[in-house]
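Reading the structure
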Protein chains: 2
Amino acid sequence: MVEIPDSHPRKKSLLSRQKMVEGSFKGLLADSAMIAHGRGEAFDYLLGEKTTKSAHAAIRESAARLGEANNPVISVNGNTVLLAGEEALRVAAVLGCSIEVNLYYRTPERISGLLTLLEEQKRNVSRENAPDEFEGNWADAVMGVSLLGGLPDFRIEGLEGPRSYCTEEGIGSADSILVPLEDGDRCEALVNLGKEVLVIDLNPLSRSAKMATVTIVDEVSRAFEGILSELLSDCNFDSTDWDNESSLRESLQEINESLNEK
Amino acid sequence: MVEIPDSHPRKKSLLSRQKMVEGSFKGLLADSAMIAHGRGEAFDYLLGEKTTKSAHAAIRESAARLGEANNPVISVNGNTVLLAGEEALRVAAVLGCSIEVNLYYRTPERISGLLTLLEEQKRNVSRENAPDEFEGNWADAVMGVSLLGGLPDFRIEGLEGPRSYCTEEGIGSADSILVPLEDGDRCEALVNLGKEVLVIDLNPLSRSAKMATVTIVDEVSRAFEGILSELLSDCNFDSTDWDNESSLRESLQEINESLNEK
């Protein structure tokens, strides 16, 4: 890995890029995953590479809804595991929920490669100090996170082929799904099943962003960090009648403002 | 290659993506080339995937300047050859100039792979009907385009390492360089040498876009097609005192307008 000096203004973005390139060499990514990452880079650049006001509100709403759900689950793909696997594990540990590897271009090799990487990340996170405000045994909470997706025994209704496979224990029986970087078709199918779908997507104009119950327009690792901090915060916050369309309009407005400042 | 129906509204964008994925399999691209392509996709989407008014003015200005230059050259990288190699060859045939493969992450394998692909594209283009308005023998004009870059014998002053290598016949002695998708450092070095640098870049905020003499904020194949049509047009157009900063501001304004319409 090339060393990037701490002083580099875009260090975090360049480190993410390196993680993607390495994941690609290891065969963990579909062909077009790097292109999708590049699209995300462009939108993040336009957002000023920070969590905007509207994204912060969507993060808070998502945290509230995950906390209220009976069976929340986090659905992850290759890009998410590479860019924010550890951040997702911390959120799952606090919620006591599972993480399911669920790929649009599913192959047994990529599923098992990503599950192996998540196992490694889980061991790393379990050895960390507990986050401030966390009550209980951190190592136990982290090691208790089930990693699903290796043995799909359920299908998402309304989708054809391997992209519909999932597990009954995870996505199949979930009432609330946190799913970063999801495909539009699958997002729509999950919503049609009556599930609450909380999407993380840097493009406020994407079909997923428009289909979701709540869309967090933010970079995936920042979004997970924001959710973690909301879940552990002292201030209890209840879910609201969320107006996702209006939230997406605010994101577009924020991009406009950021463009005008450049 | 997966078949994309003609009716698909984003067919051209998806075909470009396939070309990139295939080029990557063939080892023609640097690690981060796919990510760069994704960034371009996002900006093109924001521009409405069409040549905007300000891009059209920049295309016309670039065509005028290339026509007036003593030694114009087209500098291409992997993404350009894959996405618009044939379009670049048509422009070179009309101008009677060379094309130089010039890579930021130069390896002998990629240089020779790209030159081989350009040779193949050259044979294809030479067999086409001449474009309307072209006078002379089309096949001869196309086959007469020199493909440079295999044997660098010159260096771009002000740059270190392999990224500085070029040929004296091409970039070294050029007074005007048309260079799509260029790196900011190299763009700056070329401008510092007193050369006229005409850049094609979808990101109006990139360092290349800001450093260039004229920046065409457009997708690379559309930009080449536009230049070709200006070069062959009946209306002669002289170069102007080009205000590139103001042109880039217009591009940002166009993105703003396009966002407001979505």
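A brief look at the structure comes next. (Residues numbered from 1 in each chain as written. Chains lettered and ligands numbered in written order. Predicted model: local features only at pLDDT ≥ 70, side-chain atom pairs only at ≥ 80, totals over all residues. Heavy atoms only, no water.)

Next up on the list: the state of the cysteines. Inspection of the entire model under this criterion finds zero disulfides over all chains. Unpaired in this structure, Cys97 of chain A has its nearest cysteine sulfur neighbour in Cys166 of chain A, at a distance of 15 Å. Taking the relative accessible area as the measure of exposure, Cys97 of chain A reaches 6% and is therefore buried. Unpaired in terms of disulfides, Cys187 of chain B finds its nearest cysteine sulfur in Cys166 of chain B, a separation of 14 Å. Residue Cys187 of chain B is classed as buried on the basis of its relative accessible area, which comes to 0%. (Disulfide = S-S within 2.5 Å. Buried < 20%, exposed > 50% of the residue type's maximum accessible area, 1.4 Å probe, protein only.)

Before going further, it helps to examine the relation of the copies chain A and chain B. Each copy of the sequence occupies a distinct position, and chain A is placed on chain B by a rotation of 180 degrees and an axial shift of 0.0 Å, giving an RMSD of 0.0 Å. In the structure described here, the two chain copies are related by an operation that fits a two-fold rotation axis. When the interface residues of chain A are mapped onto chain B, 100% of them again lie at the interface, so the same face is used by both copies. (Least-squares fit on C-alpha atoms with pLDDT ≥ 70 in both. Contact = heavy atoms within 4.5 Å.)

What follows is about the sheet that holds strand E2 (residues 98–101) of chain A. Pairing between sheet strands relies on hydrogen bonds along the backbone, with the strands arranged either parallel or antiparallel. Residues and elements named next belong to chain A. The parallel open sheet is built from six strands, whose spatial order is E3-E2-E1-E6-E7-E8. On the outer flanks of this sheet lie strand E3 (147–148) and strand E8 (214–216), each paired with one strand and no other. In this structure, strand E7 (residues 196–200) lies alongside E8, joined through three bridges in parallel fashion. Looking at E8, one finds that Ile200 is bridged to Ile216. In the packing of helix H3 (residues 53–68) onto the sheet, contacts are made with strand E1 (72–76), strand E6 (176–180), E7 and E8, and the angle to E8 comes to roughly 130 degrees. (Pairing = 2+ DSSP bridges. Helix = DSSP H or I, 4+ residues; strand = E, 2+ residues; numbered from the N terminus. Axes fitted to C-alpha atoms, helices over the stretch in contact; angles between N-to-C directions.)

As a further point, take the sheet that holds strand E2 (residues 98–101) of chain B. Residues and elements named next belong to chain B. With respect to topology, six strands assemble into an open sheet ordered E3-E2-E1-E6-E7-E8, the strand pairing being parallel. Edge positions in the sheet fall to strand E3 (147–148) and strand E8 (214–216), since each has one partner strand and no second. Running over the sheet, helix H3 (residues 53–68) touches strand E1 (72–76), strand E6 (176–180), strand E7 (196–200) and E8 and is turned about 130 degrees from E8. Running over the sheet, helix H4 (residues 78–95) touches E1, E2, E3 and E6 and is turned about 165 degrees from E1.

The next subject is helix H1 (residues 11–25) of chain B. With 15 residues, H1 of chain B ought to run about 21 Å at 1.5 Å a step, and its terminal C-alpha atoms sit 21 Å apart, in line with that. For H1 of chain B, every residue scored as buried is listed here: Ser13, Leu14, Ser16, Arg17, Gln18, Met20, Val21 and Gly23 of chain B. Turning to H1 of chain B, the residues buried within the fold contact helix H2 (33–46) of chain A together with helix H2 (33–46) and H4 of chain B. (Expected span 1.5 Å × (residues − 1).)

On to the pattern of salt bridges. Residues and elements named next belong to chain A. Enumeration according to the criterion identifies 28 salt bridges over all chains in this entry. A salt bridge links Arg90 to Glu128; its shortest N-O distance comes to 2.7 Å. Here Arg90, found in helix H4 (residues 78–95), pairs with Glu128, found in the loop between helix H5 (108–126) and helix H6 (138–143); they are 38 residues apart in sequence, far enough to count as distant. A residue is classified by how much of its surface remains accessible, and Arg90, at 16% relative accessible area, is buried. (Salt bridge = Lys/Arg side-chain N within 4 Å of Asp/Glu carboxyl O.)

The next point concerns the pairing of E6 of chain A. All names here are of chain A. Within E6, five of the five residues are buried, which leaves it mostly tucked inside the rest of the structure. Burial along E6 is two-sided: the face carrying Ser176, Leu178 and Pro180 and the face carrying Ile177 and Val179 are both buried. Relative to E7, E6 is paired through five bridges, and the arrangement is parallel. If you follow Ser176 over to E7, its bridge partner there is Glu196. For the crossover from E6 across helix H7 (residues 184–192) to E7, the handedness is right-handed. (Right-handed = clockwise from strand over helix to strand, strands pointing away.)

None of the figures reported here should be taken as evidence of function without further support.
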